[in-house]
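The primary structure of each chain is shown beneath.
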Amino acid sequence: GTLVSLKEQLESENIKLESSEPAGAQDQVIVNSLVIENLDMAHESMMDWMRNFQRVDLGGDANANMEYLQGELDNISMIKQQVEDAIAAAEETLGD
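Worth saying up front: this structure is predicted, and the values here are computed from it rather than measured.

A.B. asks: Help me understand the environment of Asp 27, please; the structure alone is not making it clear to me.
C.D. replies: Within the element layout of this structure, Asp 27 appears in helix α2 (residues 25-52). Linking Asp 27 and Glu 11, residues 16 residues apart in sequence, is a C-alpha distance of 14 Å.

Pasting the structure below:
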């Protein structure tokens, strides 16, 4: 929910900036758009991981299961960092 909320706040700010003419408004719109893109990529990475995660067969090969789960732990750890970085950038951009 945080990713979506931050994206909505940035999009709202862009709408306000685009309807005004303060100095630097267009630059801020570009920055906001890049941060929105990062939020979208982080969200999509998380959703892709969730869609593709497969439960292990508890009756199957324990070593293969552990190898698979370790790989998934590595994948989700990278996604977690991507999400945290995107949130931090959005909060910094919004001045939160």
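Okay, back to it.
A.B. asks: Quick question: what am I supposed to make of the side chain of Asn 14 here?
C.D. replies: Counting through the fold element by element, Asn 14 comes out in helix α1 (residues 2-18). Looking at Asn 14, the relative accessible area reads 7%, which means it is buried.

A.B. asks: Looking at this structure, I do not really get the packing of aromatic side chains. What am I missing?
C.D. replies: Two descriptors summarise a pair of aromatic rings, namely the distance from one centre to the other and the angle between the planes of the rings. Using the criterion set out here, one finds two aromatic pairs in the structure. Measuring from ring centre to ring centre gives 5.2 Å for Trp 49 and Phe 53, while their planes differ by 35°; the resulting arrangement is tilted. When the ring of Phe 53 is compared with that of Tyr 68, the centres are 6.1 Å apart and the planes differ by 35°; the resulting orientation is tilted. Pair noted here: Phe 53 is in the loop between α2 and α3 (62-94) and Tyr 68 is in helix α3, with a separation of 15 residues, a long-range link. On the basis of relative accessibility, which here comes to 26%, the residue Tyr 68 falls in the partly exposed class. The structure contains a cluster of three or more aromatic residues connected by ring pairs, namely Trp 49, Phe 53 and Tyr 68.

A.B. asks: Hey, could you run me through α1 in this one?
C.D. replies: Residues that lie three or four places apart on an α-helix share one face, since the helix turns once every 3.6 residues. Along its 17 residues, α1 runs 24 Å from first to last C-alpha, staying within 8% of the 24 Å computed at 1.5 Å per residue. Contact partners of the buried residues in α1: α2 and α3.

A.B. asks: Could you clarify how one ought to interpret the side chain of Glu 72 in this entry?
C.D. replies: With respect to the element layout, Glu 72 can be found in helix α3. One buried charged residue, Glu 72, forms no salt bridge at all, with the nearest opposite charge on Arg 55 at 12 Å. Not counting the four nearest positions on each side in its chain, Glu 72 is found in contact with Trp 49 and Phe 53.

A.B. asks: Is there a simple way to explain the nonpolar core in this structure?
C.D. replies: In a soluble, globular protein the nonpolar side chains are often hidden away together inside. Of all hydrophobic cores here, the largest spans 13 residues; its most connected members are Leu 6, Leu 10, Leu 39, Val 83 and Ala 90. Those elements giving two or more residues to this core turn out to be α1, α2 and α3. The element contributing the most residues to this core is α3, with six residues. Look past the residues within four positions of Leu 6 in its chain and what remains in contact with it is Leu 39, Ile 87, Ala 90, Glu 91 and Leu 94.

A.B. asks: What am I meant to see in α2 here?
C.D. replies: In this model α2 runs 40 Å from its N-terminal to its C-terminal C-alpha over 28 residues, within 8% of the 40 Å that 1.5 Å per residue would give. Among the residues making up α2, those that are buried are Ala 25, Val 29, Asn 32, Val 35, Ile 36, Leu 39 and Ala 42. If you follow the buried residues of α2, they end up packed against α1 and α3.

A.B. asks: How do you make sense of the pattern of salt bridges when you look at a structure like this?
C.D. replies: Any two side chains of opposite charge can pair, given that their charged atoms come close. Scanning the entire structure with this criterion turns up four salt bridges. The closest approach of N and O atoms between Asp 48 and Arg 51, which form a salt bridge, is 2.3 Å. Of this pair, Asp 48 and Arg 51 both sit in helix α2, three residues apart, which is roughly one turn of that helix. By relative accessible area, which is 31% here, Asp 48 ends up partly exposed. Linked by salt bridges that have partners in common, Glu 44, Asp 48 and Arg 51 make up one network.

What counts, and at which threshold
Residues numbered from 1 in each chain as written. Predicted model: local features only at pLDDT ≥ 70, side-chain atom pairs only at ≥ 80, totals over all residues. Heavy atoms only, no water. Helix = DSSP H or I, 4+ residues; strand = E, 2+ residues; numbered from the N terminus. Buried < 20%, exposed > 50% of the residue type's maximum accessible area, 1.4 Å probe, protein only. Phe/Tyr/Trp six-rings, centres within 6.5 Å; stacked < 30°, edge-to-face > 60°. Expected span 1.5 Å × (residues − 1). Contact = heavy atoms within 4.5 Å. Lys, Arg positive; Asp, Glu negative; His and termini not counted. Salt bridge = Lys/Arg side-chain N within 4 Å of Asp/Glu carboxyl O. Core = buried A, V, L, I, M, F, W, Y, C linked by side-chain atoms within 4.5 Å.

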